[in-house]
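Secondary and tertiary structure notes
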Amino acid sequence: MTDAPSPAVTPAPLSLYVHIPFCASRCGYCDFNTYTSTELADNVRRDTFHEHLIAEINQAAQQLAADHRVDTIFFGGGTPTLLGANALNQIRTAIQDEFDVDPNAEVTTEANPDSVDQRMLDDLKHGGFTRISFGMQSSAPNVLATLERTHTPGASKKAALDARSAGFEHVNLDLIYGTPGESDDDLKRSLDEVLEAGVDHVSAYSLIVEPGTALARRVQRGEIPMPDDDVAADRYELIDDRLTAAGFDWYEVSNWAKPQGECRHNIAYWRNAAWWGIGPGAHSHLEGRRWWNVKHPHTYAQRVSADLSPMQDEEVLAPEQRALENLMLGMRMKQGIPRADLECEDQAIDELLNQQLIEQAAINNQETLVLTRKGRLLADHVIRTLAA
Amino acid sequence: MSQQVGGTPVHKAAPGATEPQAIRNFCIIAHIDHGKSTLADRMLQITGVVDERSMRAQYLDRMDIERERGITIKSQAVRLPYIAGDGREYILNLIDTPGHVDFTYEVSRSLAACEGAVLLVDAAQGIEAQTLANLYLALENDLQIIPVLNKIDLPAAQPEKYAAELAHIIGCSADDVLKVSAKTGEGVAELLQTVVDLIPAPMGDANAPARAMIFDSVYDTYRGVVTYVRVIDGRIGTRDRILMMSTGEVHELLEVGVISPEPIPAKGLGVGEVGYLITGVKDVRQSRVGDTITTAVKGATEALGGYRDPKPMVFSGLYPIDGSDYPVLRDALDRLKLNDAALQYEPETSVALGFGFRCGFLGLLHLEIVRERLEREFDLDLISTAPNVIYGVRMDDGKELVVTNPSEFPEGKVAAVTEPVVRATVILPSEFVGTVMELCQARRGTLLGMDYLSEDRVEMRYTLPLAEIVFDFFDQLKSRTRGYASLDYETSGEQEADLVKVDILLHGDPVDAFSSIVHKDKAYTYGVAMAQKLKELIPRQQFEVPIQAAVGSRIIARETIRAIRKDVLAKCYGGDVSRKRKLLEKQKEGKKRMKMVGRVEVPQEAFIAALSTSDTAAKK
């Protein structure tokens, strides 16, 4: 907005998340708040839905624009690109109009490899998007079929290469590993494709069978075996080895990046920074207060159309809850947790050190505890031990 | 105090002054659900002691738990004045009997208070094993049996078939079997007349020193212990002080009376009469079923026969799931004890389960009832260890000990072990004979005999170790016979057997709650089954955990819980934070409920799951 911020008020950083609750089809493992057109009645229109999101952006701006500067924006879903570049750019422009947006802001959108083409990527780049994240999951046809992904093997690599030629500096590919039926070779080929695509960021998640999903029902019926944790552990190590050798470094248990390739938006989550989630079911956090929006797009649209807050509920965190969240989120990151910040007994820390689940490092001149690779796979145990 | 019959006022024979010739003492022998309580209700109505309006269904069953399970735990007696066909007034004392296998002794005392019994059988189901056992008990007591088929109004009733069956069992004519519907009242008046006609009047010496037999003893919050008695000889009056002949204790009588169906105080009880006494004692142990009451002054010198101390046969450790509930459990047991002379318990500590009580029960049903009452009436969540029986162990050096808890089984050289055995009766449709024989053989049973009760119903008699029955025998029997078999058993002494203790070790540490005494031939099966089950139930730890089953120092089975390698949520983004934090908070709470066995964290749920399905031993 201005070159010299007022010396009296330094704007606080703010992250914005925009939730697009639409998908062309539902993947069997997915429990996100997203809807296919057949799941929605006629009263929710996809082609004008961005107007509702912009309405909430206006609400947020009234509260926060005066003393916040937006430095990351993330469009997630769902499949944001289903709305088309034009709608996404309109939302992006609305944010620009209402807020002080850092000129170097990171602006990411998620995308399905088969929902973008070169022209759309060009349009998004021109609209101010700086980063794109594709749900590749795997390059193995059998794995994609089990996950009920609609894209074809090879589509992700092509989409990533197209994004880079459109000028996207930062491109992420998401992988899912440990899917029943996936072999080590399947995963190695997926990693080959990731590396050939020349991206600077990889997120890799072990397949989780979420209750209520089609996948969970298939597992329950015995059609698909439950993913095996030991296999998942092996695959994690395989991924970490390959990515590390290719110049990536882990910065959170499920995320690897090349230098300067880290996702600043996600880091904001993990540092418990301020963010506002726009859209149905989106969560927000401001200084120890969390709230979340009504989940259904229709209810959401009704609320914001009536100029009402779409908030469904909120919680105000007690100091010990904030401390627990800081531990829970911070410990998963490579920057670790300063030992001085921990209130647990030394015995717990010593036990984890002895088990080689954590190691001590000097970070920013502070004695810091960081997960070892073995510890990354047992991060929840480490956190529970330190939280006790 | 009077009732109008045919326009003529007829006065009830007053309690305490009823001619023995006008008294009929009887009980109803019936299986669960065969309609005993409904029949009793109908009798109360027909004799006019309860009117239609105040009729509470199944008046005689007091406690909820009895109502729900359809069984009667505690017997009571109701005095029914009845004008018979001859125009004279009779006093019918209906003595209610407990109807289940664990209460055989109590049943025998109720029977001993009667001269006759109505054998009540569901006309759609036929006689069941417990009914048969109680019938034999009644015959041993020389009771006049009146066979009755109930529920003849049901479409599925087969009165001809089951009348023939009853006739065959009792040795009467099928025409002698009465047919009633307690529900509609059909045939009940005729039954009452038959009671008057066939059941002998009580006989006793009115001038002899008083002797009355206690056939029930119930704790009442307001009155203290209410003791139900049948006077055999002499008379007990309100001014007497009474002597309990087994304990030698003397009590003041605060009240004497009859139940009709509410308590009615009286001046006394004479020969043949049935009623209640209140002395102000607070514990049913001071007024024991089967004991003889006499007067403190000029009393009888010889007690009536048949008294027995209640002897627990089945033992189990009861532990509160929440350790802080221990005092609640203690108080609850103290309360239940007031009304349950057979319940025994003493404090016990388990490495795995914390503080609890080792409890002794008459049998499995008794255990279940006590456990349910503790959970329901005292709002307790309990873990109970697998039930076991009482063992006699003789060591090589001649030392003898009694083991009621597997963890007390001695380590040294054992010369011999004895276990209790029972005589079991199973009644079942003949098509299931093969599978039930198989089951009984697998449970170390010896066939004593087999009889066809009718064309397609068989009575099988077995000797079985009690320990084999307290596991899941009844469930197995039911599932193998699609629910059609019924079981009864009575203790029948002890036998020597080749028994060993199997310990379960977790990471080298024995888990006391899982130790079990089993037959040598089944030790391996038990060990393997338990190790496998625990492997499934105990979450993986940071290190490898061997689970071993051992007899003494010999390892007979082994499973390994591999060290956990992955325990991390893959995704943790903005929307996941609250959910994840709440999960973590819950896990922190859950950690408090973890029990440490050595270094191994075992969730309480694993103990509950491992102990609750006690079907591991010798299932196949």
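Here goes a summary of the coordinates provided. (Residues numbered from 1 in each chain as written. Chains lettered and ligands numbered in written order. Predicted model: local features only at pLDDT ≥ 70, side-chain atom pairs only at ≥ 80, totals over all residues. Heavy atoms only, no water.)

This part covers the overall build of chain A. Per the secondary structure count, chain A includes 14 helices and 15 strands. Per-residue burial over chain A gives 57% buried out of 388 residues. Taking the intrachain contacts of chain A between residues at least 6 apart in sequence as the baseline, contacts between residues at least 24 apart amount to 70%. Just so you have it, chain A exposes about 16500 Å², and 46% of that area is on carbon and sulfur atoms. (Helix = DSSP H or I, 4+ residues; strand = E, 2+ residues; numbered from the N terminus. Buried < 20%, exposed > 50% of the residue type's maximum accessible area, 1.4 Å probe, protein only. Contact = heavy atoms within 4.5 Å. Areas by Shrake-Rupley, 256 points an atom, 1.4 Å probe, with all protein chains shown as cover.)

Turning our eyes to something else, we now look at unusual backbone geometry. For the bond running from A:Gly77 to A:Gly78, omega is 15 degrees, close enough to zero to count as cis. Tracing the sequence through the fold places A:Gly78 in the loop between strand S2 (68–77) and helix H2 (85–98). The phi torsion at A:Glu287 lies on the positive side, around 45 degrees, for a residue other than glycine. Structurally, A:Glu287 is set in the loop between strand S10 (283–286) and strand S11 (289–293). Backbone geometry at B:Asp379 places phi at a positive 60 degrees, although glycine is not the residue there. Along the polypeptide, B:Asp379 turns up in the loop between helix H8 (364–377) and strand S22 (382–384). What makes B:Asp379 exposed here is its relative accessible area of 68%.

Attention now goes to helix H11 (residues 319–330) of chain A. When the terminal C-alpha atoms of H11(A) are compared, their 16 Å separation across 12 residues agrees well with the 16 Å that a helix rising 1.5 Å per residue should span. Three or more residues of H11(A) are buried, namely A:Gln321, A:Leu324, A:Glu325, A:Leu327, A:Met328, A:Leu329 and A:Gly330. Looking at the buried residues of H11(A), the elements they touch are helix H9 (264–270), S11, strand S12 (311–316), strand S13 (337–338) and helix H14 (379–387) of chain A together with helix H13 (577–592) of chain B. (Expected span 1.5 Å × (residues − 1).)

The partner chain B presents 25 residues to the 42 residues of chain A that form the contact. Around 3200 Å² of area is buried between chain A and chain B when both sides are counted, 53% of it from carbon and sulfur atoms. Among the residues chain A hides against chain B, the three largest losses belong to A:Asp230, A:Met328 and A:Arg384. Together they make up 19% of the total. Across the chain A-chain B interface, the total number found is 10 salt bridges. Joining chain A to chain B, the criterion identifies 24 residue pairs in polar contact (both at pLDDT 80 or more). Put simply, the parts of the chain that give the side of chain A that touches chain B at least two residues each are strand S6 (201–206), helix H8 (229–245), H9, S11, H11, helix H13 (373–377) and H14 of chain A. In terms of residue class, the side of chain A that touches chain B is made up of 20 nonpolar, nine polar and 13 charged. (Buried area = accessible area lost by both parts, 1.4 Å probe. Salt bridge = Lys/Arg side-chain N within 4 Å of Asp/Glu carboxyl O. Polar contact = N/O pair within 3.5 Å; in protein donor to acceptor, adjacent residues only side chain to side chain. Nonpolar A, V, L, I, M, F, W, Y, C, P; charged D, E, K, R; others polar.)

Residues and elements named next belong to chain B. Counting across every chain of the model gives 58 salt bridges over all chains. Ionic pairing is found between Arg376 and Glu372, a salt bridge with its closest N-O pair at 3.1 Å. Residue Arg376 and its partner Glu372 are located together in helix H8, separated by four residues, close to a single helical turn. Residue class for Arg376 comes out partly exposed when judged on its relative accessible area of 36%. Glu372 sits in the partly exposed class, given a relative accessible area of 26%.

Attention now moves to the packing of helix H6 (residues 184–196) of chain A against H8(A). All names here are of chain A. One can describe the packing of H6 onto H8 by two numbers: an axis separation of 11 Å at closest approach and a directional angle of 30 degrees. One finds that H6 runs roughly parallel with respect to H8. Both H6 and H8 take part in a crossing whose hand is right-handed. Touching Asp184, Leu187, Lys188, Leu191, Asp192 and Leu195 of H6 are Arg235, Leu238, Ile239, Arg242 and Leu243, all from H8. (Axes fitted to C-alpha atoms, helices over the stretch in contact; angles between N-to-C directions. Parallel < 35°, antiparallel > 145°, perpendicular 65-115°, else oblique. Left-handed = near helix turned anticlockwise from the far one by under 90°.)

This paragraph deals with the packing of helix H1 (residues 49–64) of chain A against helix H10 (residues 297–305) of chain A. Residues and elements named next belong to chain A. At a minimum axis distance of 9 Å, the contact between H1 and H10 shows a crossing angle of 50 degrees. One finds that H1 runs oblique with respect to H10. Crossing handedness for the pair H1 and H10: left-handed. Contacts between H1 and H10 involve Phe49, His52, Leu53, Ala55, Glu56 and Gln59 from the former and Pro297, Tyr300, Ala301, Val304 and Ser305 from the latter. Looking at the contact of H1 with H10 residue by residue, the class counts come to seven nonpolar, three polar and one charged.

Attention shifts here to the sheet that holds strand S7 (residues 144–150) of chain B. Residues and elements named next belong to chain B. Read across the sheet, six strands follow the order S4-S5-S3-S6-S7-S8 without closing on themselves; strand pairing throughout is mixed. Every other strand in the sheet has two partners, leaving strand S4 (77–83) and strand S8 (178–179) as the edge strands with one partner each. Note: strand S3 (residues 23–30) against strand S5 (residues 89–95), five bridges, orientation parallel. Paired with Arg24 across the strands is Leu92, a residue of S5. Strand contacts of helix H5 (residues 159–170): strand S6 (116–122), S7 and S8, with the helix running at about 165 degrees to S7, the strand carrying the most contacts. (Pairing = 2+ DSSP bridges.)

Residue and element names in this part refer to chain B. With antiparallel pairing, the four strands of this open sheet are ordered in space as S20-S21-S19-S22. In this open sheet, the two edge strands, each paired with only one partner strand, are strand S20 (344–350) and S22. Averaged over neighbouring strand pairs, the angle between their axes works out to 30 degrees when direction is ignored. With seven bridges connecting them, S20 and strand S21 (residues 354–361) associate as antiparallel partners. Looking across to S21, one finds that Thr349 is bridged to Phe355. This element, helix H7 (residues 326–337), spans strand S19 (314–320), S20, S21 and S22 of the sheet and lies at about 20 degrees to S21.

On to the pairing of strand S35 (residues 600–603) of chain B. All names here are of chain B. Pairing between strand S34 (residues 594–597) and S35: four bridges, direction antiparallel. Following the sheet pairing, Val597 is matched in S35 by Val600. Between S34 and S35, which pair antiparallel and follow one another directly, the connecting turn spans two residues, one of which, Gly598, has a positive phi of 60 degrees.

In this section: the environment of B:Pro465. With respect to the helices and strands, the residue B:Pro465 is situated in strand S27 (residues 457–465). Taking C-alpha positions, B:Pro465 is 9.8 Å from B:Gly493, a pair spaced 28 residues apart along the chain.

Glancing now at a nonpolar patch on the surface. There is a patch of nonpolar side chains on the surface, built from B:Leu447, B:Met450 and B:Tyr452 and spanning about 260 Å² of accessible area. Summarising the element assignment, B:Leu447 is placed in strand S26 (residues 446–454). (Patch = residues over 30% accessible without salt bridge, like charges linked within 9 Å, V, L, I, M, F, W, Y side chains within 5 Å.)

Quick look at the pairing of strand S10 (residues 224–233) of chain B now. Residue and element names in this part refer to chain B. When you tally the buried positions in S10, you get 10 out of 10 residues, the bulk of the element. Pairing geometry for strand S9 (residues 211–220) and S10, over nine bridges, is antiparallel. Residue Tyr219 lies in a different strand from S10, and its bridge partner there is Val225. The antiparallel pairing of S9 with S10 creates a hairpin that spans three residues between the two strands. Of the pairings in the sheet, the one linking S10 to strand S17 (residues 274–278) comprises five bridges and is antiparallel in character. If you follow Thr227 over to S17, its bridge partner there is Leu277.

Moving on: H10(A). All names here are of chain A. Listed in full, the buried residues belonging to H10 are Pro297, Tyr300, Ala301 and Val304. Along H10, the residues classed as buried sweep out an arc of 100 degrees about the axis, all on the same side. In this structure, the buried side of H10 is in contact with H1, strand S9 (275–278) and S11. Directly after H10, the chain includes Asp307, whose backbone phi takes a positive value near 60 degrees. (Arc of directions from axis to C-beta.)

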